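Here is what each chain is made of, one letter per residue.
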Amino acid sequence: MRARTLALVAATALAAGGLTLPPAAAATAAPDKPVRSDFDGDGYADLAVGVPSGTVDGKAKAGYVSVVFGGPGGPGPNGVRRITQATVEVPGTPEPGDRFGGALTTAYVDDDPYADLIVGAPGEDIDAKTDAGSVTVLYGTGDGFAVANTAARGTKTGDAYGNALAAADFTGDGDVDLAVGGKDRVVANLNPLTARTEPLMGDRMGGRAPVMATGDFDSDGRDDLAVAFHTRNQPYTQSHVQVRSYDKAEGAFHLTWSSSNGAANALAAGDFNGDGRDDLALGNCREIADENIDDPCGPEELAEGGGVHLHYGGADGLIWEGQTLNQDTPGVPGVAETGDDFGNALTAADLDGDGKDDLIAGAPGEAIGSAAGAGAVTVLKGGENGVLDTSGAADAVAYQQDSAGVPGTAEKGDAFGTTLATTDYDGDGRPDVSVAAPGENASAGGVWNLPGGASTGGTNVTPKSIGLPASSHPYAYGAVIGR
């Protein structure tokens, strides 16, 4: 990414507002293929976990972020840093209900070899505006982090800016931009060194955080933003999955693709058929409208127990006809059962290096034996025809805490597979898969690392293993992971 430059007057104004700007980019060039979340530049990705329920300085639910540094053995034995709004470089002050760490994403915002961490605090009060919300960018350095600035502030009570985050180059200028979810809106920050935001989209979202993913779905060389949201009885039920693209000529985002009447709890972008175009997977997709108008999630029978619907990229954007699968699809392990929530979390990466992304789907409600809600995760291999072959079958493998090589034991309510992420924690050149089980040990939670997306050599990180302080609220560690 090329460095952003700010006029002196802008820098002066920000400094007057009590913000700290990152230093100018160093002459050292960023690596050709930087690891997405390598905050200290050592070649190993680091794990960032938001703990918005965490107590800080006696302030309940002030929230913090736990950064677990990667290394040859993956995250865990290489050091941990706890970041709060009491941390010197972080703007603000810990207050009850700030929920700092309520959303996380990572990106290379400035032009250096260190990944940067973007943190949402949707409960942040700004002046007299309760729960207006804010977003902070923490800039990586050789020591982990150095300086920070505020990248978004809610403008009125209840805006809840920072309840969802996505980072990508929407404008095509080579710099990172941010999409910031709030209550019933999404705003864009096209220069995260400032707190200046502009409207991206607004609609009734029922007060819920929008689900967001980024990818170049129309092959124009610029990233697009996919947004899923769902309301009930406000004043009517509605649900949408939409793609918004930045129009350089008009300097604004426009709706370029829409699927209505189907709700999705997760989105993931990837090139699952290796044709060079990004595809979009809709997780736990199910029809909401009273009658089937356009099959927004594919055949209804394939939504039993949750399901995944895929739209593949074409020359002009996403193609409507796609593929639909659930746990009754040939080749997918398990059986589709009510409450499995198959696809409730999604992520994508080329785990086997064949040039086609693989899709990883969580089923946090999956029963393992008699352990209801123990949870499972399924790796679906991409191929020339996508995630399903020409016969409609998948090439897939599933893991849970009773799988060989996966630490722990599958227990009731663990919710293994609630949150997923992929990056290279152990530096072997292959993406690893992070799987969260926030219900583990009475909702203390934990995050499991599956090297290369396999169970062999699996490790885990829990609040106890990294010495987190006691909290009056359950950690649910792993419910929020940076990616």
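Reading the values: rules and limits
Residues numbered from 1 in each chain as written. Predicted model: local features only at pLDDT ≥ 70, side-chain atom pairs only at ≥ 80, totals over all residues. Heavy atoms only, no water. Helix = DSSP H or I, 4+ residues; strand = E, 2+ residues; numbered from the N terminus. Rg over C-alpha atoms; globule rule 2.2 N^0.38 Å. Contact = heavy atoms within 4.5 Å. Areas by Shrake-Rupley, 256 points an atom, 1.4 Å probe, with all protein chains shown as cover. Lys, Arg positive; Asp, Glu negative; His and termini not counted. Charge placed at Lys NZ, Arg CZ, Asp CG, Glu CD. Pairing = 2+ DSSP bridges. Axes fitted to C-alpha atoms, helices over the stretch in contact; angles between N-to-C directions. Salt bridge = Lys/Arg side-chain N within 4 Å of Asp/Glu carboxyl O. Core = buried A, V, L, I, M, F, W, Y, C linked by side-chain atoms within 4.5 Å. Buried < 20%, exposed > 50% of the residue type's maximum accessible area, 1.4 Å probe, protein only. Phe/Tyr/Trp six-rings, centres within 6.5 Å; stacked < 30°, edge-to-face > 60°. Disulfide = S-S within 2.5 Å. pLDDT = per-residue confidence, 0-100.

Going by what an unreviewed UniProt entry lists, the chain is known as Integrin-like protein and is assigned to Streptomyces alfalfae.

(A) Main features of the overall build of the chain. Each helix and strand in the chain was counted, giving two helices and 30 strands. Against the globule reference of 23 Å for 483 residues, the chain gives a C-alpha radius of gyration of 21 Å, in line with a compact fold. Seen along its three principal axes, the alpha-carbon backbone of the chain occupies a region of about 60 × 50 × 45 Å. A separation of at least 24 residues holds for 54% of the contacts in the chain among residues at least 6 apart in sequence. Surface exposure of the chain reaches about 18100 Å², of which carbon and sulfur atoms provide 49%. Each charge class in the chain can be summarised by its mean position, and for the 29 positive and 68 negative side chains these summaries are 8 Å apart.

(B) Summary view of the sheet that holds strand E14 (residues 238-247). Taken together, four strands build an open sheet; the order of strands is E12-E13-E14-E15 and the sheet is antiparallel. Each having just a single partner strand, strand E12 (211-215) and strand E15 (252-260) make up the two edges of the open sheet. For this sheet, the mean inter-axis angle between neighbouring strands, taken without regard to orientation, is 25°.

(C) Highlighting the pattern of salt bridges. Applying the stated criterion to the full structure yields nine salt bridges. Here Arg 185 ties to Asp 159 by a salt bridge, and the two come within 3.9 Å at their closest N and O atoms. Remark: Asp 159 occurs in the loop between strand E7 (148-153) and strand E8 (164-168) and Arg 185 occurs in strand E10 (residues 185-189); sequence separation between them is 26 residues. Through salt bridges with shared partners, one network takes in Lys 156, Asp 159 and Arg 185.

(D) Structural context of the nonpolar core. Counting 20 residues, the largest nonpolar core has Leu 310, Leu 325, Leu 359 and Leu 380 as its most contacted members. Where this core is concerned, the elements lending two or more residues are strand E17 (266-270), strand E20 (308-314), strand E22 (345-349) and strand E23 (358-363). Non-local contacts of Leu 325, meaning those with residues more than four positions away in its chain, are made with Leu 302, Gly 307, Val 308, Leu 310, Val 332, Phe 342, Leu 380, Val 387 and Leu 388. Within the second largest apolar cluster, 19 residues are counted, among which are Leu 47, Val 447, Val 461 and Leu 468.

(E) Fine view of the side chain of Thr 423. Counting through the fold element by element, Thr 423 comes out in strand E26 (residues 419-423). For Thr 423, a relative accessible area of 9% puts it in the buried group. With near-sequence residues (within four places) excluded, Thr 423 lies in contact with Val 35, Arg 36, Ser 37, Ala 45, Pro 431 and Asp 432.

(F) The arrangement of unusual backbone geometry in detail. Positive phi, normally seen in glycine, also occurs at Asp 127, with a value near 55°. Note that Asp 127 resides in the loop between strand E5 (116-121) and strand E6 (134-138). A relative accessible area of 73% means that Asp 127 is categorised as exposed. With a phi angle near 55°, Ala 442 is a residue other than glycine that sits in the positive phi range. Relative to the helices and strands, Ala 442 is located in helix H2 (residues 440-443).

(G) Spatial organisation of the packing of aromatic side chains. Under the definition given, this model contains five aromatic pairs. Between Phe 416 and Trp 448, the ring centres sit 5.9 Å apart and the planes meet at 85°, which makes this aromatic pair edge-to-face. Taken together, the residues span a long stretch of sequence, with Phe 416 in the loop between strand E25 (396-399) and E26 and Trp 448 in strand E28 (residues 447-450) at a distance of 32 residues. Taken as a pair, Phe 416 and Trp 448 share a single burial class, namely buried. Among the aromatic residues, those joined into a ring-pair cluster are Phe 170, Tyr 246 and Phe 253.

(H) Layout of the state of the cysteines. Evaluated as defined, the whole model comprises one disulfide. Here Cys 285 pairs with Cys 297 through a disulfide, and the sulfurs are 1.9 Å apart. Taking the torsion about the sulfur-sulfur bond, which here is approximately -65°, the covalent link between Cys 285 and Cys 297 counts as left-handed. Highlighted residues: Cys 285 in the loop between strand E18 (279-283) and strand E19 (286-287) and Cys 297 in the loop between E19 and E20, separated in sequence by twelve residues. On the basis of relative accessible area, Cys 297 is assigned to the buried category, the value being 6%.

(I) Here's a closer look at the side chain of Thr 347. Within the element layout of this structure, Thr 347 appears in strand E22. Those residues in contact with Thr 347 that lie beyond four places of it in its chain are Ala 268, Asp 358, Leu 359, Ile 360, Leu 420, Ala 421, Thr 422 and Arg 483.

(J) Seen up close, the pairing of E15. As judged from the eight bridges shared by E14 and E15, these two strands associate in the antiparallel manner. Its bridge partner being in E15, Gln 242 is matched across the sheet by Ser 258.

(K) Here's a closer look at the confidence of the model for the chain. The predicted model of the chain averages 89 in pLDDT, with 91% of residues at 70 or higher. Between residues 1-33, whose pLDDT stays under 50, and residues either more than four places distant or in other chains, the model counts 53 contacts.

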